[in-house]
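Examination of the molecular architecture
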Amino acid sequence: MGGILFASYNGFAALAALVIPLLAMAVGLKVTHLINLCCGGLGLISFYFIQDPALLWLPMIGVGIAWASILSIPYALLSNALPAARMGVYMGIFNFFIVIPQLLAASVLGVILNTFFDGQPIFALIMGGCFMILSGISVLFVSNQSRLA
């Protein structure tokens, strides 16, 4: 079942990647990312409520939409604010802010689950969904006008 779910969210991500540019032209990059991350967050949270394993592919629609957005919109937002001559350096630094939270989550998520959620992994999905929605909201506060020297 895990393989089917991973394949389905990647398929939905590929389809979403075709629609994201159209949505971005209509409502802008930040609102597009907010919408997409909320789809993903709600998808992750909905795992808690699904009783029939045959329906577990449904949340992967939202997860796939969010994944397509995560792989594109932050870089588009950042590239609009960077000087072309230093783009590679700043994109490399930006990747630290992707890897470090992943390492932190891998290091402490098990402890958090055992301490606060009796070792129930479903609550990691709920936390991830909540944080995905919060990150979508937070992108609205990103400035469009900063250009680094």
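Everything in this summary refers to the structure shown in the same document.

What counts, and where the lines are drawn
- Numbers given for residues are sequential positions, taken from 1 along each chain in its written order.
- A pLDDT threshold of at least 70 governs which residues receive local features in this predicted model, and a stricter bar of 80 or more applies before side-chain atom pairs are shown or counted, although totals over entire chains, interfaces and linings include all residues.
- With hydrogens and water excluded, all non-hydrogen atoms of the structure serve as input to the side-chain values.
- Residues qualify for a patch when their relative accessible area is over 30% and they have no salt bridge, like charges being joined within 9 Å and the nonpolar side chains of Val, Leu, Ile, Met, Phe, Trp and Tyr within 5 Å.
- Values of accessible area rely on a 1.4 Å probe in the Shrake-Rupley scheme; residue burial ignores everything except the protein chains shown.
- Salt bridge, as used here, is a side-chain nitrogen of Lys or Arg placed within 4 Å of a carboxyl oxygen of Asp or Glu.
- Comment: elements are numbered from the N terminus, with helices defined as DSSP H or I runs of at least four residues and strands as E runs of at least two.
- For each structure, a 1 Å grid was placed over the protein atoms alone; sets of points admitting a 1.4 Å probe that cannot get out are labelled cavities, open sets with protein on both sides within 12 Å along at least five of seven lines are labelled pockets, and lining residues have an atom within 4 Å of a point.
- Grid points are joined across faces, edges and corners, and a volume is the space filled by probe spheres set on the points.
- Residues are grouped as follows: Ala, Val, Leu, Ile, Met, Phe, Trp, Tyr, Cys and Pro are nonpolar; Asp, Glu, Lys and Arg are charged; every other residue, Gly included, is polar.
- For this analysis, a nonpolar core means a set of buried residues of the types Ala, Val, Leu, Ile, Met, Phe, Trp, Tyr and Cys, connected via side-chain atoms within 4.5 Å.
- Exposure classes here rest on a 1.4 Å probe applied to the protein chains alone. A residue is buried below 20% of its type maximum, exposed above 50%, and partly exposed in between.
- Contacts are residue-level and defined by heavy atoms, with any inter-residue pair within 4.5 Å sufficient.

Residues V27, V31, I35, F131, L134, I137, L140 and F141 make up a contiguous nonpolar surface patch of roughly 740 Å² in combined accessible area. Mapped by element, the contributors of at least two residues to the nonpolar patch are α2 (29–46) and α6 (122–138). The greatest single-element share of the nonpolar patch, amounting to three residues, is contributed by α6. On the secondary structure map, V31 appears in helix α2.

Before going further, it helps to examine the layout of surface pockets. For the largest pocket, the calculated volume is near 1600 Å³. For the largest pocket, the lining is made up of 41 residues, of which I70, F97, I98, P101 and S135 are closest to its centre. Of all elements in the fold, only α2, α3 (59–70), α4 (73–81), α5 (87–116) and α6 reach the threshold of two or more residues within the lining of the largest pocket. A total of 11 residues in the lining of the largest pocket trace back to one element, the largest contributor, which is α5. Of the residues assigned to the lining of the largest pocket, the class counts are 32 nonpolar, nine polar and no charged.

If you look at the biggest cluster of nonpolar residues, it comprises 10 residues: L5, Y9, L37, L44, F47, L56, M60, V63, A66 and M132. Breaking this core down by element, the ones donating at least two residues are α1 (2–27), α2 and α3. No other element matches α3, which puts three residues into this core. Beyond its immediate chain neighbours, meaning those up to four positions away, M60 contacts L5, S8, Y9, F12 and F47. Listed in part, the seven residues of the second largest apolar core include A16, I20, A68 and V139.

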